[in-house]
Amino acid sequence: MLGFIIQRVLQACLVMLVISALVFTGVYAVGNPIDVLISPDATQLIREQTIRAYGLDQPLWKQYLDFLGRLARGDFGRSFVYNMPVLDLIFSRLPATLELTLAAVLGATALGVPLGMYAGYRPDSPVSKAIMAISILGFSVPTFWIGLVLIFTFAVSLGWLPAGNRGDTAALFGIQWSFLTWNGLMHLFLPALNLSLFKFALMVRLARAGTREVMLTDTVKFARAAGLSEGTILLRHVLRLIAIPIVTVFGLEFGSTLAVAVATETIFSWPGVGKLIIDSISTLDRPVMVAYLMLVAFFFIMINLSVDVAYAALDPRLRTRRAA
Amino acid sequence: MSPVLLDVNGLTTRFATRAGSLHAVEDVSFTVAEGEIIGLVGESGSGKSVTGFSILGLIDPPGRIVAGSVKLNGRELVGLSHAALRSMRGREIAMVFQDPSATLNPVLTIETQMRLAIAAHENLGDAAARARCIEVLGAVGIPDAARRIEAYPHQFSGGMRQRVAIAIALLNRPKLIICDEPTTALDVSIQAQILTEMKSLAARLLVMYAGRLIEAGPIAEVLRQPRHPYTRGLLGSLPGIARPGQDLVQIPGAMPSLIDLPQGCAFQPRCGFADALCATMPALNGEGARSFRCHHPLAAESAP
Amino acid sequence: MTEASTPLARFWDEFRHNTVAVIALGVVIAISIMAMAAPLISPQNPYDLANLVLMDARRPPGFVGSKGFTHWLGTDAQGRDLLSAILYGLRISIQIGLIAGAIAFALGATLGAFAAFFGGRIEALIMRIIDLQLSFPAILLALVLAALLGQGKWPLIAALVTAQYAYFARTAHGAASAERSKDYVDAALSTPLAARRVVFRHILPNCLPPLIVVATVQVANSIALEATLSFLGLGLPVTEPSLGMLIANGFQYMLSGRYWISIYPGVALIVLIVAINLVGDQVRDQLNPRLRR
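Residues numbered from 1 in each chain as written. Chains lettered and ligands numbered in written order. Predicted model: local features only at pLDDT ≥ 70, side-chain atom pairs only at ≥ 80, totals over all residues. Heavy atoms only, no water.

S.K.: Before we move on, can you summarise the overall build of chain B with the specific residues and values?
M.R.: For chain B, the helix and strand inventory stands at ten helices and eleven strands. Taken across its 304 residues, chain B has 45% of its residues classed as buried. (Helix = DSSP H or I, 4+ residues; strand = E, 2+ residues; numbered from the N terminus. Buried < 20%, exposed > 50% of the residue type's maximum accessible area, 1.4 Å probe, protein only.)

S.K.: Quick rundown of the overall build of chain C? Include the residues and the values.
M.R.: Across its full length, chain C holds eleven helices and two strands. For chain C, the succession of helices and strands along the chain, N to C, is α-α-α-β-β-α-α-α-α-α-α-α-α. Counting only contacts in chain C whose residues sit at least 6 apart along the sequence, the fraction spanning at least 24 positions is 68%. Carbon and sulfur atoms make up 65% of the accessible area of chain C, which totals about 13400 Å². (Contact = heavy atoms within 4.5 Å. Areas by Shrake-Rupley, 256 points an atom, 1.4 Å probe, with all protein chains shown as cover.)

S.K.: Lay out the sheet that holds strand E10 (residues 285–287) of chain B in plain terms, naming residues and giving numbers.
M.R.: All names here are of chain B. Read from one edge to the other, the open sheet built from five strands follows the order E3-E8-E9-E11-E10, with strand pairing classed as mixed. Across the chains shown, the open sheet's two edge strands, defined by having one partner strand only, are strand E3 (38–41) and E10. Looking at each pair of strands side by side, their axes are set apart by 20 degrees on average, direction ignored. Relative to strand E11 (residues 290–292), E10 runs antiparallel, the two being bridged by three bridges. Paired with Glu287 across the bridge in E11 is Arg290. Lying over the sheet, helix H10 (residues 229–236) contacts E3, strand E8 (204–209) and strand E9 (212–218), oriented at roughly 100 degrees with respect to E8. (Pairing = 2+ DSSP bridges. Axes fitted to C-alpha atoms, helices over the stretch in contact; angles between N-to-C directions.)

S.K.: With reference to specific residues and values, describe unusual backbone geometry.
M.R.: All names here are of chain B. Of note, the bond from Pro61 into Pro62 is cis; its omega dihedral lies within 30 degrees of zero at 10 degrees. Mapped onto the fold, Pro62 is located in the loop between helix H1 (48–56) and strand E4 (63–72). Of note in this structure, Asn73 is not a glycine but carries a positive phi near 50 degrees. Mapped onto the fold, Asn73 is located in the loop between E4 and strand E5 (75–76).

S.K.: Quick rundown of the pattern of salt bridges? Include the residues and the values.
M.R.: Across all of its chains, the model carries 18 salt bridges over all chains by this definition. Between Arg205 of chain A and Asp281 of chain C there is a salt bridge; the shortest N-O distance is 3.0 Å. Taken as a pair, Arg205 of chain A in helix H8 (residues 182–215) and Asp281 of chain C in helix H11 (residues 260–287) lie in two separate chains rather than in one. Of the two residues, Arg205 of chain A and Asp281 of chain C, neither departs from the other in class, the shared state being buried. Within the structure, one salt-bridge network assembled from shared partners comprises Glu111, Arg115, Asp126, Arg130 and Glu150 of chain B. (Salt bridge = Lys/Arg side-chain N within 4 Å of Asp/Glu carboxyl O.)

S.K.: Would you mind going over the interface of chain A and chain C in detail, with residue names and values included?
M.R.: In this assembly, 38 residues from chain A lie in contact with 41 residues from chain C. Summed over both partners, the interface of chain A with chain C buries about 3400 Å², with 80% contributed by carbon and sulfur atoms. At the junction of chain A with chain C, the criterion picks out one salt bridge. For the interface between chain A and chain C, the tally reads one residue pair in polar contact (both at pLDDT 80 or more). Those elements that place two or more of their residues in the side of chain A that touches chain C are helix H1 (2–28), helix H6 (126–140), helix H7 (143–157), H8, helix H10 (230–260), helix H11 (262–267), helix H12 (273–282) and helix H13 (286–314) of chain A. Counting residues per element, the side of chain A that touches chain C draws most heavily on H7 of chain A, at seven residues. The class makeup of the residues in the side of chain A that touches chain C is 29 nonpolar, six polar and three charged. (Buried area = accessible area lost by both parts, 1.4 Å probe. Polar contact = N/O pair within 3.5 Å; in protein donor to acceptor, adjacent residues only side chain to side chain. Nonpolar A, V, L, I, M, F, W, Y, C, P; charged D, E, K, R; others polar.)

S.K.: Which residues make up the domain arrangement of chain B, and what are the values?
M.R.: Residue and element names in this part refer to chain B. Along its sequence, chain B is organised into domain 1 (1–80 + 203–304) and domain 2 (90–184). With centres defined by C-alpha atoms, the gap from domain 1 to domain 2 works out at 30 Å. Contact with domain 1, which involves 13 residues of that partner, is made by nine residues of domain 2. Our count for the contact surface shared by domain 1 and domain 2 stands at one salt bridge. Glu92 is paired through a salt bridge with Arg75; the nearest N and O atoms lie 3.8 Å apart. (Domains from an automatic or database assignment.)

S.K.: I'd like a rundown of the packing of helix H4 (residues 82–118) of chain C against helix H7 (residues 153–180) of chain C, residues and numbers included.
M.R.: All names here are of chain C. Relative orientation of the contacting elements H4 and H7 amounts to 35 degrees, with a least axis distance of 5 Å. Crossing hand, H4 versus H7: right-handed. A class-by-class count of the residues in the contact of H4 with H7 yields 23 nonpolar, seven polar and two charged. (Left-handed = near helix turned anticlockwise from the far one by under 90°.)

S.K.: Break down the sheet that holds E5 of chain B for me, with residues and values.
M.R.: Residue and element names in this part refer to chain B. Pairing is antiparallel across the open sheet formed by four strands, whose spatial order is E2-E1-E4-E5. Taken across any chain shown, the strands that pair with only one partner, and hence form the sheet edges, are strand E2 (20–33) and E5. Along the sheet face, H1 touches strand E1 (4–17), E2 and E4 and points at about 110 degrees away from the line of E1.

And the structure:
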């Protein structure tokens, strides 16, 4: 198991190197960030000084090596726009996104898996058909449009919930969180609901498909023949058998949501990293784009790794195969 | 003779399909006495498994027991509530399936699976439940049961896995065990081993074809002297019975679709003796301990 | 039971038993025809700026405009007739979804099938890249690419294809690997046929069922993805608003209660995507061998 993890970590380092080169070249191939950095009426002298200060006069490979050198010391550079270390900038925005994502993915799983299992267990009942209809909607409707509808319904028309921002926050471990205050919780609700709809639909489908297949197997028939109640069969046998794809998707969705809460954060003015990346794309804030993409890549590699480890924990067959 | 344990009478199970009603089991009647072992043979699709599932009340929609009765110790099982059937399953009638690698849950330990089966019927303490599991595992011949009980199914060989499945079936000391081809998925040598231990020499043999019983009788007699042409064809196709050097005899044709059965005897399209009379369904005629469903039974020779 | 003759006829015979899927298919066809015929049936050409009357901007549904016709779904911030804008927007969305889906299909299926066919290093390399790419969310890739390549139809399609070809490649690879080990491939290879021909004529056709399932999902996805990118301002130019951009433009007016500018284009988008997904669901169920018993 340890050898397996070490091998995977080495692999991950190599992948990160390749990604850093790709991202760096890609991001630096477009646009001229000078226009962002200085005002159009600056003198030629200031212009050249700025270019030199940011190393923009160097050839691309040299810039990349410099970047790698700084990276090795944990320095991602400074944001052109915010004029602060990129890493600080990203980490100041991360808790907001983390909080939103966790609320969305946890909510979607806690609700989606039981409903999906029911729909798979009784595929022909009207309740199941209603669950599937909601899931198809959640799967099909673009997140950003649902966000608009939620704002229009609950914030504009009914006035029950706030339409944007994080609201009041309270500190825990030195970080500000919205979910610790009532006001913050109210602010968190709509964006989290918005973000969770797609994940909910996904969990329902996964749980339903898994349950449908498992219910037809001899494992279930044998358990029934031994007199187990349907509840025990669903909870102890079926849930364990469908857990593997669900855990995978949970991990991957957690990762992808963390990376792409862009639309939701934009609509609800949620000050997270998604909003940051969209802003940095439109302002050509290269260091932020590069650092963000690399962090996302790193993040995904870590998630894939932990999903693999979780697999081994959930499927004893894999455990012995690797130990052998 | 021992008292009758199971009395199946006129059992008829059908599946509603888009193409029509599938007659999986038609008018099947037989009894099993306490301590008796009976064998049910027939091609795949002849209704053996469905008969077993019908007895357990495990027919899922679109399937349904449309007629007949199943009595266990005189108590009618057909029409019982789900809850009553559930508490009967495992405790009074248990079932072992073909392929142990498909029946055992790969992600739960043997102990967990056995404990779930006990907990379905009895509230034993932790220690007592574990002790019962180890005891039964030992009884079916799992060596070092106290340690092996924590293993997962994939850590057992195929034969051992089937023993585990049998142990689970035995856990609640059922009066009747239905074994649905318990050795089909195993190696031939292991098949022989398990069958020997299950005392495969059943006292009575029932032969099914296209959902109906077509012949029944004491096993030695049926094997030596089949009365139904189908039984003879079936025996002729067995490697163990054919003479060395001779080709195995195949029954021409294939079993008819259970949705679209021929008029009368279902075997008639494949039967060399068929005539106009066979368009009517023959009754299951008894002759002493023997019975057969045929208008033109093979001759009962007085001396072989 | 009537025995239909061709596989396609048998497929349809089963398909038509699902009323919902049949209705959905009808909706997809109807929307496609309406979108194709947009220039003929829409009351106004929304791209012709000379045609727009600013006085008529942001009017509610049912408003009779200065040109004398009724704006059944209201008008947007530029005074466009929303119904016309939606029809034209659907046209763009479907066009882009189909083109991106087709290119991703062709590229991905070819890559996946060849990887499975050749095996060894080539296979390992191709599948590594694809696995790596699949571990990133498609929308993030599309987002970055759309930002890098700039606005316009083809950059957008390139971004969508990059985000989606990997799903086809993975599916084709899985199916083709299974096919590769079958005897008929060896039989075909023992004849003097070029490898390319074996892949395209023998292996790929047998991988079609799972690829078709992926294709329905991916066309719906690329339509939704295009709308999301356009909503975030990374898609098509403002002069030819797609559905996503119509919704984005209406967003700022929603807070003041002018819901129709955003809602109606969204409804059109959703009806289309839901219908495609419903058809896809039924196709998947019919092609899934594990549910056949």
